[in-house]
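# An overview of the molecular structure
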Amino acid sequence: MLKDGRWPGAPGEVLLDTDTARRIDAAPGSDVRLTRADGGTTTARLVGTLDGRGAPSFAGHPIVAVPDGAVERYAAAVTAAQLDVRLLSGASRSHTTEALRAALGDGPEVRTREASVAAATRQSRTLYGVVLIAALSFVLIALAVARMVVSNTFSVVLAQRTRQLALLRCVGADRAQIRRLILRQGLLLGMGASAAGVLLGVGLCAAATALARTADLGPVHLRLLPSPLTCVLAGLFGVLLTLLAVRGPAKKASAVPPVAALGGAYGTVGTVARLRAAAWSVVLLLAGVASLVLGVVAPPPLSLLAVTLGAICSFFGVLRLSHRLLPAVVAALGGPARRLGGTAGRLATQQLRLNRPGPAPPGRPFCSGSR
């Protein structure tokens, strides 16, 4: 887009982009020094400046425009890579293209205006797909991390409230009521946190939009404020994610027998539940590996999404299987600890190998030496 002056028309005239003209402190009407194709220098009159910020393909590259007949003076071995043809009404597209290709040989690629527009549209859609999938990948990673943090936080909080929940069971509350109580607490927490997050995000987007308007972006108009529908969907996803993360801890907390919880002895997980958890962990791990393999062979727009899903599934699969893999890892790495640490190293290694998932009864560590 021409910003100042006019296009060059004579051999001694030249046009530069605004960044280059600003860098050499030149304005339309001043003289600039250029290097000729033979290595010498010459002086040309700057007649205009070009605003190239509307063309992303030219970003960061200096632009020098000279008349058609003066190109050989400043550049050697100039070749055309693409020739766009605009046909008159009634002209045959195929015959014209074939005739030009036969005349030019293996030189520039001959395309009509419609073909050039279609190619540019395909490139724009591919770039849009890559950006969209990259943003979606970051969203999926954020959702996975948020779910893990919320679930672990509720597990710790409910473990501290075990006696309180057991008292509710003793006075007549059943498992469904305890589960509903915890889910309602998660619902209130999700609503409050989602509302605060949406308001904070809107505020940051408004500040970024105001900051962007102070910069000179040329023909680009930047607006980062989300739509009301986006805010509603973000809040809804936050609430649903919180409820999904609370379901597991709520189910475990409601399944603890009241008398055992009051006495400090926690119930053990059944064989069927352990097998179901192990199978689900293996399925997650296999799905993650399959998604990673798909990301290697898939085309670029889908490869990033497949790799992201594979990484998330593999991470949670390994995390769920970690308590089963920990004894084997400790046995393999505990040799140097046993040899170098002596009795303390052997006791530490044996304790890690014998450790079981879940909190231990509070009286067990104090059995030795008690009266």
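This paragraph deals with the layout of surface pockets. Here the second largest pocket is characterised by a volume of approximately 690 Å³. Taken together, 26 residues make up the lining of the second largest pocket; nearest its centre are Val139, Thr230, Leu233, Ala234 and Phe237. For the lining of the second largest pocket, the elements supplying multiple residues, two or more each, are α4 (113-160), α6 (175-213) and α7 (228-254). With 10 residues, the single largest contributor to the lining of the second largest pocket is α7. For the lining of the second largest pocket, the per-class residue count stands at 19 nonpolar, seven polar and no charged.

Turning next to a nonpolar patch on the surface. Taken together, the side chains of Leu229, Leu233, Leu236, Phe237 and Leu240 make up a nonpolar region of the molecular surface, amounting to roughly 500 Å² of accessible area. Examined against the element boundaries, Leu236 turns out to sit in helix α7.

One non-glycine residue, Asp25, adopts positive backbone phi at about 55 degrees. Residue position: Asp25 is located in the loop between α1 (18-23) and β3 (31-35).

Our next topic: helix α5 (residues 162-170). Taken together, the buried positions of α5 are occupied by Thr162, Leu165, Ala166 and Arg169. In a view along the axis of α5, the buried residues occupy a sector of 105 degrees, so they form one face of it. Just beyond α5, the residue with positive phi is Gly172, at close to 120 degrees.

Considering all chains together, one arrives at three salt bridges under this definition. As a salt-bridge pair, Arg22 and Asp19 come within 3.1 Å of each other at their nearest N and O atoms. Of the two residues, Arg22 and Asp19 are both situated in helix α1; the distance of three residues between them amounts to about one turn of the helix. As a salt-bridge pair, Arg45 and Asp31 come within 2.6 Å of each other at their nearest N and O atoms. Of this pair, Arg45 sits in strand β4 (residues 41-50) while Asp31 sits in strand β3, placing them 14 residues apart in sequence. Overall, Arg45 belongs to the partly exposed group, its relative accessible area being 40%. The class of Asp31 is partly exposed, set by a relative accessible area of 49%.

Our focus in this paragraph is a positive patch on the surface. There is a patch of like positive charges on the surface, built from Arg147, Arg175, Arg179, Arg180, Arg184, Arg247, Lys251, Lys252, Arg276 and Arg320. Considering every element that reaches the positive patch, the biggest residue donor is α6, with four residues. Here Arg184 lies in helix α6.

Counting buried positions along β4 yields seven of 10 residues, so the element is predominantly enclosed. Across three bridges, strand β1 (residues 2-5) lies against β4 in antiparallel orientation. Following the sheet pairing, Gly5 is matched in β4 by Gly48.

The terminal C-alpha atoms of α7 lie 38 Å apart, and with 27 residues this matches the ideal 39 Å at 1.5 Å per residue to within 8%. Along its length, α7 reaches its greatest deviation from straightness, about 30 degrees, at Arg247, and the proline Pro249 lies no more than four positions downstream. Of all the residues in α7, the buried ones are Gly235, Gly238, Val239, Leu241, Thr242, Ala245, Val246, Pro249, Ala250, Ala253 and Ser254.

Right, let's talk about the packing of α5 against α6 for a bit. In the contact formed by α5 and α6, the axes pass within 10 Å of each other and the chain directions differ by 140 degrees. Put simply, α5 runs oblique to α6. The interaxial crossing formed by α5 with α6 has right-handed handedness. When α5 is examined against α6, the residues Leu165, Leu168 and Arg169 are found in contact with a partner set consisting of Arg175, Ile178, Leu181 and Ile182.

Reading guide: rules and limits
Residues numbered from 1 in each chain as written. Predicted model: local features only at pLDDT ≥ 70, side-chain atom pairs only at ≥ 80, totals over all residues. Heavy atoms only, no water. 1 Å grid on protein atoms, 1.4 Å probe; cavity = no way out; pocket = protein on both sides within 12 Å on 5 of 7 lines; lining within 4 Å. Points joined across faces, edges and corners; volume = space filled by probe spheres on them. Helix = DSSP H or I, 4+ residues; strand = E, 2+ residues; numbered from the N terminus. Nonpolar A, V, L, I, M, F, W, Y, C, P; charged D, E, K, R; others polar. Patch = residues over 30% accessible without salt bridge, like charges linked within 9 Å, V, L, I, M, F, W, Y side chains within 5 Å. Areas by Shrake-Rupley, 256 points an atom, 1.4 Å probe, with all protein chains shown as cover. Salt bridge = Lys/Arg side-chain N within 4 Å of Asp/Glu carboxyl O. Buried < 20%, exposed > 50% of the residue type's maximum accessible area, 1.4 Å probe, protein only. Arc of directions from axis to C-beta. Lys, Arg positive; Asp, Glu negative; His and termini not counted. Charge placed at Lys NZ, Arg CZ, Asp CG, Glu CD. Pairing = 2+ DSSP bridges. Expected span 1.5 Å × (residues − 1). Bend = angle between axes of the 7 residues up to and from the residue. Axes fitted to C-alpha atoms, helices over the stretch in contact; angles between N-to-C directions. Parallel < 35°, antiparallel > 145°, perpendicular 65-115°, else oblique. Left-handed = near helix turned anticlockwise from the far one by under 90°. Contact = heavy atoms within 4.5 Å.

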